[in-house]
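The primary structure of each chain is shown beneath.
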Amino acid sequence: MAFLQENWWLVLLAVGSGIGLLWPFIARRMSGIPQVGVHDAVQLINRRDALVLDVREQGEFAAGHLAHARHIPVGQLKTRLGELDKWKDKPVLVHCASGARSHGAAETLKAAGFKEVFNLRGGIGAWQQAGMPVDKK
């Protein structure tokens, strides 16, 4: 106990570091954007005819993407939202390489009035790791 009292700044530093490491996880959970795994993503696509939105850059998209994915890089999403208007009341599955950029894109869609927006947890990396096919056309 004496150590803690004499080194209170170390305790504060450790607590601050812990919060800093956990904050992205906490923020995602509080954002209201559901994170779905590959199995649930397949069900959204097959059973509910979800729009698959790939928000990676052109080179990443060309290297391989989910079949029938619509490609709009995250940097262009706000200016191209009008292209997606007919999906405002339908499920939209957003993905990128790992799930970080797509989470931000999903928040943009939600703020623009899209009713059902889902983020693919782990992105296309998780998709490929699960042995799911990618299209290179």
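Note that the structure is predicted; figures quoted are calculated from it, not measured.

Caption draft 1: Molecular detail of the sheet that holds strand S4 (residues 91-95). Spatially, the five strands line up as an open sheet ordered S1-S5-S4-S2-S3, and their pairing is parallel. Among the strands making up the open sheet, the edge pair consists of strand S1 (35-36) and strand S3 (70-71). With two bridges connecting them, strand S2 (residues 51-54) and S3 associate as parallel partners. In the sheet register, Leu53 faces S3, and the bridge partner there is Arg70. Strands in contact with helix H5 (residues 100-111) are S1, S2, S4 and strand S5 (116-120); relative to S4, the strand with the most contacts, it is inclined by about 150°.

Caption draft 2: View of the side chain of Arg56. The topology assignment puts Arg56 in the loop between S2 and helix H4 (58-63). Of note is the side chain of Arg56, whose polar atom sits 2.6 Å from the backbone oxygen of Gly64. Ignoring any residue separated from it by four or fewer positions in sequence, one finds Arg56 in contact with Phe61, Gly64, His65, His71, Pro73, His95, Cys96, Ala97, Arg101 and Ile124.

Caption draft 3: Inspection of the pattern of salt bridges at higher detail. If you walk through the whole model with that rule in mind, you get five salt bridges. Across the pair Glu60 and Arg101 runs a salt bridge whose closest N-O atoms are separated by 2.9 Å. Taken together, the residues span a long stretch of sequence, with Glu60 in helix H4 and Arg101 in helix H5 at a distance of 41 residues. For Arg101, a relative accessible area of 28% puts it in the partly exposed group. In this structure, Glu83 and Arg80 form a salt bridge, with 2.8 Å as the shortest nitrogen-oxygen distance. Note on Arg80: relative accessible area 23%, which makes it partly exposed. Ionic contacts of the salt-bridge type, sharing partners, join the residues Arg70, Arg80 and Glu83 into one network.

Rules and cut-offs
- Residues numbered from 1 in each chain as written.
- Predicted model: local features only at pLDDT ≥ 70, side-chain atom pairs only at ≥ 80, totals over all residues.
- Heavy atoms only, no water.
- Pairing = 2+ DSSP bridges.
- Helix = DSSP H or I, 4+ residues; strand = E, 2+ residues; numbered from the N terminus.
- Contact = heavy atoms within 4.5 Å.
- Axes fitted to C-alpha atoms, helices over the stretch in contact; angles between N-to-C directions.
- Polar contact = N/O pair within 3.5 Å; in protein donor to acceptor, adjacent residues only side chain to side chain.
- Salt bridge = Lys/Arg side-chain N within 4 Å of Asp/Glu carboxyl O.
- Buried < 20%, exposed > 50% of the residue type's maximum accessible area, 1.4 Å probe, protein only.

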